[in-house]
Structures are given as C-alpha cells and as structure tokens.
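# Reading the structure
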Amino acid sequence: MMKYCYDGSFEGYLTVIFKAYRVIEDLEEISVRDEKISVFNDQIFVSGEEDLAKRVTDSIIKTFGYRFYMDFYKLFLSCKSGKDLVGAKVLKKMYRDRNYILSANADAAAFRNIVKNVGREAHSYKGLIRFDLYNGVLIAKIEPKNNILTILSPHFERRLTNEKFIICDVNRNIAIVYSQGQSNLVEFKNADFKFEDEYKELWKTFYNSISIGERENESLRISNMPKRYWKMLHEFGN
C-alpha cells in the first residue's frame, strides 16, 4: 500500500491526484507532509505543479460543473483526518459514474458530510464575526476548526466593498487582507493586535439595547451558538 504526501496547498493536492490517479484505489494515505517525519519513510512526496493542477481543475469543472469543484475545494479545507484520500477516491469513481456522489457508499457519504460541515462553519461565521477598527482598518480574529478563510472572505468583500479589512485565523496564523477590491491570503507571526475599544463598546451597547431580559434563555442560546464562539463576540464580553 502506497502513501502520498504533499506540500499542503490545494495545487499540491490536485497534483497528487494527477500523478497517483492510476493507483488511487490502492493508496493507504494522502496527507500533508510532516517535516518531523524522517526522509527515509515510505511516503512519496509530491510538490504542487501549476500546469498539472490546472488540468485537474479544468477537467473537474468541465465534467462535473463548478458547484462540485467548490465542494471538492471545501473538502480540501476540512480539518477531518483522512479527507484527502476520501476526495481522491470519490473523484475517480465519479469519472466512472457521475451519480456516485449520491450513493450510500461510505466514501461518498463521508465526502458529503465533510463538505456540509465546512459549509456550515463558514456560514456560521458570516454572522458571528465582529470587526475592530484599528488605524482605519477593520480587523477580526476567528478560530475556526476548518480552514475557511478563503470561502468566508467573499461574503465580506461584497458587503464591505469600500472598506479595508483583515480577517485573521489565529489557529493557523493566516489572514485575508482586503483593500481596493483585491484580497490576498497572507501568513503572520503575531495576531495580538491592540484594538481600540470604541467599536467593541458599540456592539455591547447595540446588543444591550435590543436584549429583553425577561426572554433570556441560556440553554437556547448555547443550542443556537456553541460557547466556543462566545469569546469572539464583544456583546458577550465583560
């Protein structure tokens, strides 16, 4: 059984699929390369190759449509262990039967569940993000389970067209930086910004003004918004 690893990029993942396509059914693992693992292990390392990745991308979109391509990308963004191998197996089987993705097969079901999980988390953050104003730039911190920045950012780019904003994923030390109609994904070393407090207070004031104490329901609040999100919400602050 063979094991493939790649550089962690989507381009790298697509390159693995291209190079390992004939033996995908026989693969034991596809994973991101771990620099701590000895170079003498049995993994085959693949670096991303733009031309090969583009061929896979073009083929997926042409054969299955852009919507499925985005689902495939969401699977790549997932934190779920084993998702890379699931995606590769599902893709190859779909070239034989495009309705395979709708089947009850374990890989197809796992693919759908992973995509749904990533999509739900990204959707949740659309309403949960709170921006702080810092030197004229709107800045927000998030701690998502999945790597959702690139599918989350377009939502705010459409709504904050004339603003400058940064959304930081502090779990991965990456951020989306948006300005003048362009966005870029960048890495950072320190997300410990010293925000101005006025914007936080505005949110707290707004929240308190619409809150009806007699109708507060702590159990319902937790059900609708898990506590792991609360520390990002200024209205829940002290």
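Bear in mind the structure is a predicted one, so any value in this text is a computation, not a measurement.

## Considering the sheet that holds strand S7 (residues 174-179)
- Strand order in this open sheet of five strands is S4-S5-S6-S7-S8, and the pairing throughout is mixed. In this open sheet, the two strands that pair with only one neighbour each are strand S4 (132-134) and strand S8 (182-187). Across the sheet, the mean angle from the axis of one strand to that of its neighbour is 25 degrees, orientation sign disregarded.
- In the packing of helix H6 (residues 149-159) onto the sheet, the strands contacted are strand S5 (137-142), strand S6 (165-169), S7 and S8, and the crossing angle to S6 comes to about 155 degrees.

## Some thoughts on helix H3 (residues 66-77)
- Helix length check: H3, at 12 residues, gives a terminal C-alpha distance of 17 Å against a target of 16 Å (1.5 Å per residue), a fit within 8%.
- Burial in H3 covers these residues: Phe-68, Tyr-69, Phe-72, Tyr-73, Leu-75, Phe-76 and Leu-77.
- Packed against the buried residues of H3 are strand S1 (2-6), helix H1 (10-20), helix H2 (50-64), helix H4 (83-96), helix H5 (106-128) and H6.

## A short note on the packing of H1 against H3
- Where H1 meets H3, the axes come as close as 11 Å, and the angle between the chain directions of the two elements is 110 degrees. Our classification of the angle between H1 and H3 gives roughly perpendicular. The segment H1 lies against H3, with Phe-10, Tyr-13, Leu-14 and Ile-17 engaging Tyr-69, Phe-72, Tyr-73, Leu-75 and Phe-76.
- Its residues placed into classes, the contact of H1 with H3 shows nine nonpolar, no polar and no charged.

## Some points on unusual backbone geometry
- Of note, the phi angle at Asn-173 is positive, near 55 degrees, even though the residue is not glycine.
- Looking at the secondary structure, you find Asn-173 in the loop between S6 and S7.
- Judged by relative accessible area, which is 34%, Asn-173 ranks as partly exposed.
- Its identity as a non-glycine residue notwithstanding, Gln-180 has a phi of 55 degrees, on the positive side.
- The residue Gln-180 is located in the loop between S7 and S8 in this model.

## Here's the deal with the side chain of Asp-84
- Structurally, the position occupied by Asp-84 is in helix H4.
- In this structure the side chain of Asp-84 is engaged in a polar contact, spanning 3.0 Å, whose partner is the side chain of Tyr-6.
- For Asp-84, the residues in contact, after removing those within four places along its chain, are Tyr-6, Tyr-13, Ile-30, Ser-31 and Phe-76.

## Topic: the packing of H3 against H4
- Where H3 contacts H4, the two axes come as close as 9 Å, and the packing angle between them is 160 degrees. Classified by the interaxial angle, the pair formed by H3 and H4 is roughly antiparallel. From H3, Phe-68, Phe-72, Leu-75 and Phe-76 reach across to H4, where they touch Lys-83, Asp-84, Val-86, Gly-87, Leu-91 and Met-94.
- In terms of residue class, the contact of H3 with H4 is built from seven nonpolar, one polar and two charged.

## A few points about H6
- Among the residues making up H6, those that are buried are Leu-149, Ile-151, Leu-152, Ser-153, His-155, Phe-156 and Glu-157.
- Of the surrounding elements, those touching the buried residues of H6 are H3, H5, S5, S6, S7 and S8.

## Topic: the nonpolar core
- Ranked by size, the top nonpolar core spans 54 residues in total, and within it Tyr-13, Ile-30, Phe-72, Phe-111, Ile-129, Phe-131 and Phe-165 carry the most contacts.
- Of all hydrophobic cores here, the second largest spans five residues; its members include Ile-139, Ile-166, Cys-168 and Ala-175.

## Some points on the packing of aromatic side chains
- If you walk through the whole model with that rule in mind, you get 17 aromatic pairs.
- Geometrically, the ring pair formed by Phe-64 and Tyr-95 is edge-to-face, given 4.9 Å between the ring centres and 65 degrees between the ring planes. In this pair, Phe-64 sits in helix H2 while Tyr-95 sits in helix H4, placing the two residues 31 residues apart along the sequence.
- Between Phe-165 and Tyr-178 the ring centres are 4.9 Å apart and the planes differ by 20 degrees, which places this aromatic pair in the stacked class. Of this pair, Phe-165 sits in strand S6 while Tyr-178 is found in strand S7, placing the two residues 13 residues apart along the sequence.
- Exposure remark for Phe-165: the relative accessible area of 0% places this residue in the buried category.
- When the ring centre of Phe-45 is taken as origin, the NZ or CZ atom of Arg-33, which lies over that ring, is 4.3 Å away.

Conventions and cut-offs
- Residues numbered from 1 in each chain as written.
- Predicted model: local features only at pLDDT ≥ 70, side-chain atom pairs only at ≥ 80, totals over all residues.
- Heavy atoms only, no water.
- Pairing = 2+ DSSP bridges.
- Helix = DSSP H or I, 4+ residues; strand = E, 2+ residues; numbered from the N terminus.
- Axes fitted to C-alpha atoms, helices over the stretch in contact; angles between N-to-C directions.
- Contact = heavy atoms within 4.5 Å.
- Expected span 1.5 Å × (residues − 1).
- Buried < 20%, exposed > 50% of the residue type's maximum accessible area, 1.4 Å probe, protein only.
- Parallel < 35°, antiparallel > 145°, perpendicular 65-115°, else oblique.
- Nonpolar A, V, L, I, M, F, W, Y, C, P; charged D, E, K, R; others polar.
- Polar contact = N/O pair within 3.5 Å; in protein donor to acceptor, adjacent residues only side chain to side chain.
- Core = buried A, V, L, I, M, F, W, Y, C linked by side-chain atoms within 4.5 Å.
- Phe/Tyr/Trp six-rings, centres within 6.5 Å; stacked < 30°, edge-to-face > 60°.
- Lys NZ or Arg CZ within 6 Å of the ring centre and 35° of its normal.

Fair warning: the whole summary comes from geometry, so function is off the table for now.
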